[in-house]
Amino acid sequence: MPSVVKFWPFKIPQDTVAPSFSPIKTEDLHAYMIEDLQASGLVPEDLYAYTHTKGVPQGAKAAYIIPYFDPQGQPIVDEADYVCMWRKKCNIPGSSNKYIQPPAKDLARYDLPRFMPYILPQTISLQGDILYVCEGEKKTASFIKYMQEPAIGIGGCRMWHNPEGGGVHPWILEVIRTKGVQHVVIVPDGDLWQYDICK
């Protein structure tokens, strides 16, 4: 049986035992999460990841949930303290979509932008006047864990901008101001060569 994480800074829905005829088992979800995170040198505690049988989207064989945090490093939760901004890492056979998140209309109900940077609490607590920007949650968590430097994640190479218009995303600017960041260093993905910036 998977070990139970004793502290997460938000409520995790109580998982129910899947019916015996269900193809999705709690143990399988946990094993998928552990294997996927280990490939990046991570454990669930590094990014507060968790599984839930009801969190598996239709057509997926497995999924796990990566919660998001605000610019102060606080979990983004609803009035009952359940995570309302997350991304799910999914194993969906035949699909190129590896991640899903709440639709923009759901985020708008909580006065959240349609996309936002990935800000772990560790980023806020780590000292340093350089902020590193990585692409993706797992790469960000790995960078923080092994480099012990403040980093945030973006969902793609163009996701640093303000979703409401021009300029830098206000949450990124808030982290820069709050931490007194002097330099921002971009840590690009290996596929950077295919974008206009490199041509």
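The coordinates are above.
Residues numbered from 1 in each chain as written. Predicted model: local features only at pLDDT ≥ 70, side-chain atom pairs only at ≥ 80, totals over all residues. Heavy atoms only, no water.

1. Comments concerning a nonpolar patch on the surface
- Together, Trp-160, Val-168 and Leu-173 line one region of the surface with nonpolar side chains, adding up to about 240 Å² of accessible area.
- Turning to its location among the elements, Trp-160 is positioned in the loop between strand S5 (151-154) and helix H6 (170-179). (Patch = residues over 30% accessible without salt bridge, like charges linked within 9 Å, V, L, I, M, F, W, Y side chains within 5 Å. Areas by Shrake-Rupley, 256 points an atom, 1.4 Å probe, with all protein chains shown as cover. Salt bridge = Lys/Arg side-chain N within 4 Å of Asp/Glu carboxyl O. Helix = DSSP H or I, 4+ residues; strand = E, 2+ residues; numbered from the N terminus.)

2. Quick notes on the sheet that holds strand S3 (residues 99-100)
- Spatially, S1-S2-S3 is the arrangement adopted by the three strands of the open sheet, whose pairing is antiparallel. In the strand order of this sheet, the two ends are held by strand S1 (62-67) and S3, each with one partner.
- With six bridges connecting them, S1 and strand S2 (residues 86-91) associate as antiparallel partners. By the bridge assignment, Pro-67 is partnered in S2 with Trp-86.
- Seen against the sheet, helix H1 (residues 26-38) touches S1 and S2 and runs at an angle of roughly 65 degrees to S1. (Pairing = 2+ DSSP bridges. Contact = heavy atoms within 4.5 Å. Axes fitted to C-alpha atoms, helices over the stretch in contact; angles between N-to-C directions.)

3. Remarks on helix H5 (residues 137-147)
- Restricting attention to buried positions, one finds in H5 the residues Glu-137, Lys-138, Thr-140, Ala-141, Ser-142, Phe-143 and Ile-144.
- Positive phi appears at Gln-148, one or two residues downstream of H5, with a value of about 55 degrees. (Buried < 20%, exposed > 50% of the residue type's maximum accessible area, 1.4 Å probe, protein only.)

4. Remarks on the packing of aromatic side chains
- For the coordinates displayed, the defined rule picks out four aromatic pairs.
- Centre to centre, the rings of Tyr-48 and Phe-69 are 5.3 Å apart; their planes meet at 55 degrees, and the pair counts as tilted. A residue pair is termed long-range when its members are at least 10 positions apart, and Tyr-48 in the loop between helix H2 (44-47) and S1 and Phe-69 in the loop between S1 and S2 qualify at 21 residues. When sorted by exposure, Tyr-48 lands in the same class as Phe-69, which is buried.
- Across from the ring centre of Trp-86, 4.6 Å away, lies the NZ or CZ of Lys-88, which sits over that ring. (Phe/Tyr/Trp six-rings, centres within 6.5 Å; stacked < 30°, edge-to-face > 60°. Lys NZ or Arg CZ within 6 Å of the ring centre and 35° of its normal.)

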